[in-house]
Amino acid sequence: MMAFAETLLRLRSAFVSGKTRTLEFRTGQLDALINLLEQNEEKLLRVLYKDLRKCKFEAVIAEIRFARNEVIYALNNIASWVEPELVERNFVTMMDQCFIRSEPFGVVLIIGTWSYPIQLLLTPLVGAISAGNCVVLKPSEVSTNTSELLATLIPKYLDKDYVAVFSGGPVETMNLLVYKFDNIFYTGSSTIGKTVMKAAAEHLTPVTLELGGKNPCYVDLSFNLESTAHRLAWGRFFNAGQTCVAPDYVLCTPEVQRLLVPAIEQAVHTFYGKDPKDSPDFGRIINDQHFQRLQQLLKSGRVAVGGQSEEQDRYIAPTVLVEVTESDAVMQEEVFGPILPVLNVGSLEEAIEFINRRRKPLALYVYSTNNQVVKEMLENTSSGGFCSNDNVVQMALNTLPFGGVGFSGLGIYRGKFSFDTFSQKRACMLKSAGMEIMNSARYPPYNDQKLNILIWATDIKKRGCVCRVL
Ligand code: NAD
């Protein structure tokens, strides 16, 4: 850990030098990140294929271009983000300059995960750099090939005094967490999220936790058969189901299930051909441990679609399970694989009740052509994100915040939200030393006249609330 202690010292003194506070430095690093992504696309595609058998289409859309777009969005907007934000003043502060200044925290730690090893490491990095921080990156050891390549490329493109990469698994991560960081951004499971938060608490370091969970998907009687089946199958089987915002399970009536399950089967055939194992577009499970875990989940309920697997290739077919109950293994943990359990409920109310008695999910989906159903689901539940008549795509729009609630996470990022997450919002009031007469009402000896003056000058007047029906 000597090496790490030295690196941390180097980053700290680089931060103190003030260089990261300049817009030129930040935009220079962001430009370098674009170069990294553009000049190494082929290499990045190769390692993603090795780790997850990720196809070019999914790698470009959900990793390389995804990260690149985030950088470009930051470059296009950073000049306005760094501007002090003027705030409303009252009578007492009329003559003062009152504003919020976004300042970097210092040295921040970003811990990534394996399912989207480029996106989930570099997207938060964009926010951290934009906000003017020095950064320690800890890629996931599970996506070995991609993490190794990133650990090689990042020091070649970004300034080593300001951004450092540390590789390693749980032990190395815990060793890093002993040190004091000024902010920690973690993506991964809720279980490890707690460990990270406990370690951060030792230094009272603020954390952002991007976690997982089980994302419910309610399919109403009024659903559109073709689009629902296509969108659900795409969202669940993209990256072989290893997507944190994928629909984790379907809730519907037996009547909907009778129509939906064959339509999903048809969508699977259309997408991946007769045998998805031979499709170049269908990924593989990241490692043996996850493969074995998913094998156990396949035992829940009854296989209605797919169900085949091949250990050597870590292949699990796009699968739909029916006759699943709440107590089955597949409902006890996040699936995080190409398996979609379907559970029966009698009504929308029952679906809402089912969702509300479980942990708050990262995303919640409803498929219905009836706006009232969508509205009821939205108004009566809580989740990090929400999307009707589709899934996953809500997180592609970086003008929406991304993050969980409760067990699915703490804090948000993407676009401007990333900049804010990695900035300390410093409350600033610049006053002149004169105009002392303005202050006489606040000084003792107090009396009712002074009190009334202060009340008049500082009271917030009630304006009433205009409610808008959504
Ligand atoms: P993982 O094994 O890659 O772990 C994540 C990070 O934590 C890695 O960098 C790893 O080195 C570190 N780590 C692992 N064990 C540790 C320990 N005991 N102590 C300290 N650090 C440790 O990934 P995972 O946990 O398998 O990730 C899968 C989970 O991540 C799923 O629940 C998924 O939903 C969630 N996820 C969330 C998002 C999101 O943006 N919200 C994105 C992708 C995945």
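Just so you know, these numbers come straight off a predicted model, no measurement behind them.

Side note on the site of the ligand
Moving on, step 1. Neighbouring the ligand are 28 residues; K138, S140, E141, L211 and E334 lie closest to it.
Moving on, step 2. Between a nitrogen atom of the ligand and a main-chain N or O atom of L211, the distance comes to 2.8 Å.
Moving on, step 3. Listed by contribution, the elements that provide at least two residues to the shell around the ligand are α7 (170–177) and β6 (183–187).
Moving on, step 4. Looking at the shell around the ligand, the element that brings in the most residues is α7, giving 3 residues.
Moving on, step 5. For the shell around the ligand, the per-class residue count stands at 14 nonpolar, 10 polar and 4 charged.
Moving on, step 6. A domain-level breakdown of the shell around the ligand finds at least three residues from each of domain 1 (2–211 + 412–424) and domain 2 (216–399).

Observations regarding the domain arrangement of the chain
Moving on, step 1. Partitioning the chain into structural domains gives domain 1 (2–211 + 412–424) and domain 2 (216–399).
Moving on, step 2. In this structure, domain 1 and domain 2 have C-alpha centres spaced 31 Å apart.
Moving on, step 3. The partner domain 2 presents 21 residues to the 20 residues of domain 1 that form the contact.
Moving on, step 4. Both faces combined, the contact of domain 1 with domain 2 buries some 1900 Å², and carbon together with sulfur accounts for 52% of it.
Moving on, step 5. The largest share of the area that domain 1 buries against domain 2 comes from R53, E58 and W114, three residues that together contribute 32% of it.
Moving on, step 6. Taken together, domain 1 and domain 2 are joined by 0 salt bridges.
Moving on, step 7. Taken together, the connections running from domain 1 to domain 2 amount to 9 residue pairs in polar contact (both at pLDDT 80 or more).
Moving on, step 8. Those elements giving two or more residues to the side of domain 1 that touches domain 2 turn out to be α3 (41–52), α4 (56–81) and α14 (415–421).
Moving on, step 9. With 5 residues, α4 is the single largest residue contributor to the side of domain 1 that touches domain 2.
Moving on, step 10. Across the side of domain 1 that touches domain 2, the residue classes tally to 10 nonpolar, 4 polar and 6 charged.

Remarks on the sheet that holds strand β15 (residues 363–367)
Moving on, step 1. The strand order across the open sheet built from 7 strands is β10-β13-β14-β9-β8-β15-β16, with neighbouring strands paired in mixed fashion. Edge positions in the open sheet fall to β10 (302–305) and β16 (385–388), since each of these has one partner strand only. Taken pair by pair, the neighbouring strands of this sheet meet at an average axis angle of 25 degrees, ignoring direction.
Moving on, step 2. Examined bridge by bridge, strand β9 (residues 249–252) and strand β14 (residues 339–344) share 3 bridges and lie parallel to one another. Each bridged residue has a counterpart across the sheet, and for L251 the counterpart in β14 is L343.
Moving on, step 3. The strands that helix α9 (residues 225–237) touches are β8 (216–219), β9, β13 (319–322), β14 and β15; relative to β14, the one it contacts most, it runs at about 130 degrees.
Moving on, step 4. Contacting β8, β9, β10, β13 and β14, helix α10 (residues 254–272) runs over the sheet at an angle of about 165 degrees to β14.

Looking at the nonpolar core
Moving on, step 1. The biggest cluster of nonpolar side chains holds 133 residues, and the ones touching the most others in it are L125, V219 and I264.
Moving on, step 2. No other element matches the 10 residues that α4 contributes to this core.
Moving on, step 3. If you count residues domain by domain, this core takes at least three from each of domain 1 (2–211 + 412–424) and domain 2 (216–399).
Moving on, step 4. For L125, the residues in contact, after removing those within four places along its chain, are L33, I110, V135, L137, L158 and V163.

Examining the pattern of salt bridges
Moving on, step 1. With the rule as written, the count across this model stands at 22 salt bridges.
Moving on, step 2. Ionic pairing is found between R12 and D182, a salt bridge with its closest N-O pair at 2.9 Å. Of the two residues, R12 is situated in helix α1 (residues 2–16) and D182 in the loop between α7 and β6; the sequence distance between them amounts to 170 residues.
Moving on, step 3. What makes R12 partly exposed here is its relative accessible area of 27%.
Moving on, step 4. According to the relative accessible area criterion, D182 is buried, its value standing at 14%.
Moving on, step 5. Where E326 meets R358, a salt bridge forms, and the shortest distance between an N and an O atom there is 3.4 Å. Of this pair, E326 sits in the loop between β13 and β14 while R358 sits in the loop between α12 (348–356) and β15, and the two are 32 residues apart along the sequence.

Basis of the calculations
Residues numbered from 1 in each chain as written. Predicted model: local features only at pLDDT ≥ 70, side-chain atom pairs only at ≥ 80, totals over all residues. Heavy atoms only, no water. Near = heavy atom within 4 Å. Polar contact = N/O pair within 3.5 Å; in protein donor to acceptor, adjacent residues only side chain to side chain. Helix = DSSP H or I, 4+ residues; strand = E, 2+ residues; numbered from the N terminus. Nonpolar A, V, L, I, M, F, W, Y, C, P; charged D, E, K, R; others polar. Domains from an automatic or database assignment. Contact = heavy atoms within 4.5 Å. Buried area = accessible area lost by both parts, 1.4 Å probe. Salt bridge = Lys/Arg side-chain N within 4 Å of Asp/Glu carboxyl O. Pairing = 2+ DSSP bridges. Axes fitted to C-alpha atoms, helices over the stretch in contact; angles between N-to-C directions. Core = buried A, V, L, I, M, F, W, Y, C linked by side-chain atoms within 4.5 Å. Buried < 20%, exposed > 50% of the residue type's maximum accessible area, 1.4 Å probe, protein only.

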